[in-house]
Every structure is written in C-alpha cells, then in structure tokens.
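Reading the structure
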Amino acid sequence: MEVEKIDDEIQQLLQAHKHTWNQTYNFINSMSLKCAIELGIPDIIHKHAQPIKLSQLISQLQIHPTKSHAVHRLMAILTHSGFFTQHKASQKDDEDDGGDPEVAYMLTDACKILVKDSPYSMVPYLLLSLDPIQMKPWQYLSTWFRNEVPTTYETAHGMAIWEYASKEGRLNSLFNNAMLSDSRLVSRVVIEKCKWVFEGLESVVDAGGGTGTLAKAIAQCFPNMECTVLDLPHVVAGLQGTTNLKFVEGDMFQAIPPADAVLLKSILHDWGEEECVKILKKCKEAISGNGKRSNKVIIIDIVIMEDQKGGEDDDELVETKLCLDMLMMVLANGKERKEKEWAKLFFSAGFRDYKINPILGLRSLIELYP
Ligand SMILES: C[S@@+](CC[C@H](N)C(=O)[O-])C[C@H]1O[C@@H](n2cnc3c(N)ncnc32)[C@H](O)[C@@H]1O
Ligand SMILES: O=c1cc(-c2ccc(O)c(O)c2)oc2c(O)c(O)ccc12
C-alpha cells in the first residue's frame, strides 16, 4: 500500500514536470516557426510542389554549410507542431541517389498561409508579433501589475504603442503590414458574405483604417460610395486615394468626418471602457449630421460568445481568445469582450440597438444603430 502511494506521488510529480516543461518552452515553437519563415522554408517547399527531400531543401537554403546538419531538427519540431508532414522519399529517388532512404517534407494546410506571397499570408502578422519590440513588454508584465503605469507596453518602452510606431519606422511598417494582411482576408469575407451591410450607404469613414485595405475593397465594390480612411499622420502620410477613396490624417478621439456609416475594424479591442465610449460618441456624432435612418456604425472585432449555438468553443479557439485578450492587455489598454460587455459600451455611448453577425470565424461584424 505504502509503495503504491509513493508510486502515485512520483507519477504525479513527473506528469507535473512534463506539463510545466512544455508550457515553459512554448516560446520554442513560436521562435522555431519564425526561424523557418526567415529562412524561407515554407516558400521553398511550396514552390517544389511535391515532397521535398531533406538534401534538396538544404541545397536551396541560404545557410552556412556547417549548419546543414541542424535543419532536420528544426523540421522535426515544426512537423510535430503541425506545419509540415514527413514522408519517406520514393524508393526510386533513393535508388537514383544510391544512398540511405531519406525523409521528405510537405506543407500542411496550416502552413499554406505561411507562404510569403499567398494573398492571405499570416507572415507579416507573425513577424510583428515575434519581433523583439513586441516581445519586450512581456518581460515587464509583473512590474506592470505592481505599478500604476497604464500599459505594459509603456512600462517596457516608455510610451504607448501608437507613439512608438510614430517614432520607430521599423515598428510602423511591421505593424501596418500585419494589419494589411489581416484586412485582405476580412475584406474578402465582408464583401462576399455581407455586402448587404453597405447597401444604401452613400459615404463611409473607416476610423483607424490603417493603410486602407478594407476601405479600398469597399470603394471598388461600391463605386458610388465616398470612402474615407482616417488614421494617425505617420500611418496615412503620402498615401494616394482614388476617385471615391481619400486618406485623412486625424485623431478619432477629437473628430471623425461626417458620413452615413463609420467602420471600426480591430479598433475597440485596443482600448479600455472609457476610451471606447469616447470613440463611439465621436462615431455617433459623425453619423448623426444628415438624419438618415439607415445610418450606422459597423464594428469588426471579436465577440466572446458564452452560449454559442453548436456548443462550447473548441479548446484551440478558447486558447486563441485567451491569448488575444492577454495580447491586448499587454500591448495596448485593450481587451476582448463578451456580448454583455459590448452591449454596455454601446448603451453608455447612447446607441439604441445593435445586431451581431458572427460571420468572420473568431470575429463578428456588429451593426450599431443610433
Ligand atoms: C489594430 S490597428 C487596426 C487597423 C485597421 N482598422 C485594420 O483592421 O487593419 C489600429 C489602428 O488605429 C490607429 N489609431 C490609433 N490611435 C488612433 C487615433 N487616436 N486616431 C485615429 N487612428 C488611431 C492606428 O494607427 C492603427 O492603424
Ligand atoms: O498583434 C496584434 C494583433 C491584433 C489582432 C488580433 C486579432 C484580431 O482579430 C485582429 O483583428 C487584430 O491586433 C493588434 C492590435 O490591435 C494592436 O494594437 C497591437 C498588436 C496587435
């Protein structure tokens, strides 16, 4: 009996050890992926269009010959984390080479969006998130908890992310490129699945619209609509509009140009309650000028669904939402919100009603009526 008890205790300890090891070393998965992307591995395998042998992969990598032996180890962890699959090279290939059977690799579906020139590539997003500038604040999270400084980002960098982006050109372009790649996918979904949201609108302002990816797509789809992108000077400086698209420098906390609708994509999750209410009030002013009943604010952001039809979120989705919520807490003063929290913001800013359209996977399109 005593022996069994000791065995159980040892089993538990070893299990706890393994769990903690894996959680501690989670960053090794991300950093290995970043390395593979920087070396161009997904691009090389994609171009090859069939399983690529390790030796063929190595011959196309621009690495020092003394490091060739390490490539299969990088490939092993990324195969385990689901980005590559391993195959045995065909027998014919082995005979041709006259050598040992060699392993060959292919991309999984998850890796296809890590090919640099794929239209919905997540590479810019990954390069932003894993850049030392964006990683540094995580070292200061407990310091932030112990102090009054508003954000972890400010604890680490001495200024908010928007100010830092205006001063540090490298961050500005990493950030704008990441947002651009996300907006490409969202633009496509919005135009294919909810074009009706924009029917009847004569003008739209995309507040905090970045470099204008979503606004450009809307302007193209609705040639009679006047589209405006409002963002900070360092984001829109020098950007050229078209006949129905213009870029305006400004501060959404001060004023948003008048329009039938204001779009807010990935904006409110960057801010706390007080700031969100301020932005929403400015949106309400912007759409109230001409008294049209069809006027609205259109929000594209995450809504955490508590009683979603079709059951609980799967584990992977729960992890994504928890991580994004922490990310917003650390990088800005933001958070991901549940429907109840969104509703409270909307009513505090004086809106009468809202409708959530959960059409974007993790994210929803919310129509907000004055
Ligand atoms: C998370 S990004 C979203 C960009 C774009 N809507 C998208 O989804 O691709 C937030 C944007 O808000 C802009 N922003 C931050 N503070 C702002 C302010 N006070 N006035 C206008 N834009 C602001 C940033 O420059 C950035 O482009
Ligand atoms: O790395 C980032 C990622 C995102 C982001 C995440 C999930 C989404 O669904 C989305 O639309 C945007 O937004 C950011 C942001 O808003 C910041 O202010 C700074 C960094 C990021």
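This section reports on the structure supplied with the text. Because the structure is predicted, anything quoted here is derived from the model rather than measured.

**Let's talk about the side chain of Asp 206**
Within the secondary structure, Asp 206 sits in strand 4 (residues 203–207). Buried charge Asp 206 goes without a salt bridge, the closest partner of opposite sign being Lys 265 at 7.8 Å.

**Concerning the packing of helix 2 (residues 26–38) against helix 5 (residues 71–80)**
One way to put it is that helix 2 packs onto helix 5 with a least axis distance of 10 Å and a crossing angle of 120°. Relative to helix 5, the element helix 2 is oriented oblique. For the pair helix 2 and helix 5, the crossing hand works out as left-handed. Residues Ile 28, Asn 29, Ser 32, Leu 33, Cys 35 and Ala 36 of helix 2 touch helix 5, and the partners they reach there are Leu 74, Ile 77 and Leu 78. In terms of residue class, the contact of helix 2 with helix 5 is built from seven nonpolar, two polar and no charged.

**Topic: the pattern of salt bridges**
The tally for this structure, following the rule as stated, stands at 14 salt bridges. With its nearest N and O atoms 2.9 Å apart, the salt bridge here joins Arg 170 to Asp 131. Here Arg 170, found in helix 13 (residues 169–193), pairs with Asp 131, found in the loop between helix 8 (123–129) and helix 9 (132–135); they are 39 residues apart in sequence, far enough to count as distant. The exposure class assigned to Arg 170 is partly exposed, which follows from its relative accessible area of 43%. In this structure, the salt-bridge partner of Asp 260 is Lys 292, at a minimum N-O distance of 2.8 Å. Within this pair, whereas Asp 260 is found in the loop between strand 6 (245–249) and strand 7 (261–265), its partner Lys 292 is found in the loop between helix 16 (273–288) and strand 8 (296–304), the two being separated by 32 residues in sequence. Here the salt bridges share partners, and the residues they tie into one network are Asp 182, Lys 265 and Arg 363.

**Brief notes about the site of ligand 1**
Near ligand 1, the surroundings consist of 19 residues, among which Ser 183, Gly 208, Asp 231, Asp 251 and Lys 265 are the closest. Within the side chain of Asp 231, a nitrogen or oxygen atom sits 2.6 Å from an oxygen atom of ligand 1. Within the side chain of Asp 251, a nitrogen or oxygen atom sits 2.9 Å from a nitrogen atom of ligand 1. Here ligand 1 loses 95% of its free accessible area of 590 Å² to cover by the protein chains. With three residues, the top contributor of residues to the shell around ligand 1 is helix 13. For the shell around ligand 1, a count of residues per class yields nine nonpolar, six polar and four charged.

**Concerning the site of ligand 2**
In the vicinity of ligand 2, 16 residues are found, and the nearest of them are Tyr 125, Ser 266, His 269, Asp 270 and Arg 363. One of the side-chain nitrogen or oxygen atoms of Ser 266 is found 2.4 Å away from an oxygen atom of ligand 2. Asp 270 has a polar side-chain atom sitting 2.6 Å from an oxygen atom of ligand 2. Protein contact buries 97% of the 440 Å² of open area that ligand 2 shows by itself. The element best represented in the shell around ligand 2 is helix 17 (residues 315–331), accounting for four residues.

**Topic: a negative patch on the surface**
On the surface, Glu 4, Asp 7, Asp 8 and Glu 9 cluster together into a patch of negative charge. With respect to the helices and strands, Glu 9 occurs in helix 1 (residues 2–24). Accessibility expressed as a relative area gives 53% for Glu 9, which makes it exposed.

Procedures and definitions
Residues numbered from 1 in each chain as written. Chains lettered and ligands numbered in written order. Predicted model: local features only at pLDDT ≥ 70, side-chain atom pairs only at ≥ 80, totals over all residues. Heavy atoms only, no water. Helix = DSSP H or I, 4+ residues; strand = E, 2+ residues; numbered from the N terminus. Buried < 20%, exposed > 50% of the residue type's maximum accessible area, 1.4 Å probe, protein only. Lys, Arg positive; Asp, Glu negative; His and termini not counted. Salt bridge = Lys/Arg side-chain N within 4 Å of Asp/Glu carboxyl O. Axes fitted to C-alpha atoms, helices over the stretch in contact; angles between N-to-C directions. Parallel < 35°, antiparallel > 145°, perpendicular 65-115°, else oblique. Left-handed = near helix turned anticlockwise from the far one by under 90°. Contact = heavy atoms within 4.5 Å. Nonpolar A, V, L, I, M, F, W, Y, C, P; charged D, E, K, R; others polar. Near = heavy atom within 4 Å. Polar contact = N/O pair within 3.5 Å; in protein donor to acceptor, adjacent residues only side chain to side chain. Areas by Shrake-Rupley, 256 points an atom, 1.4 Å probe, with all protein chains shown as cover. Patch = residues over 30% accessible without salt bridge, like charges linked within 9 Å, V, L, I, M, F, W, Y side chains within 5 Å. Charge placed at Lys NZ, Arg CZ, Asp CG, Glu CD.

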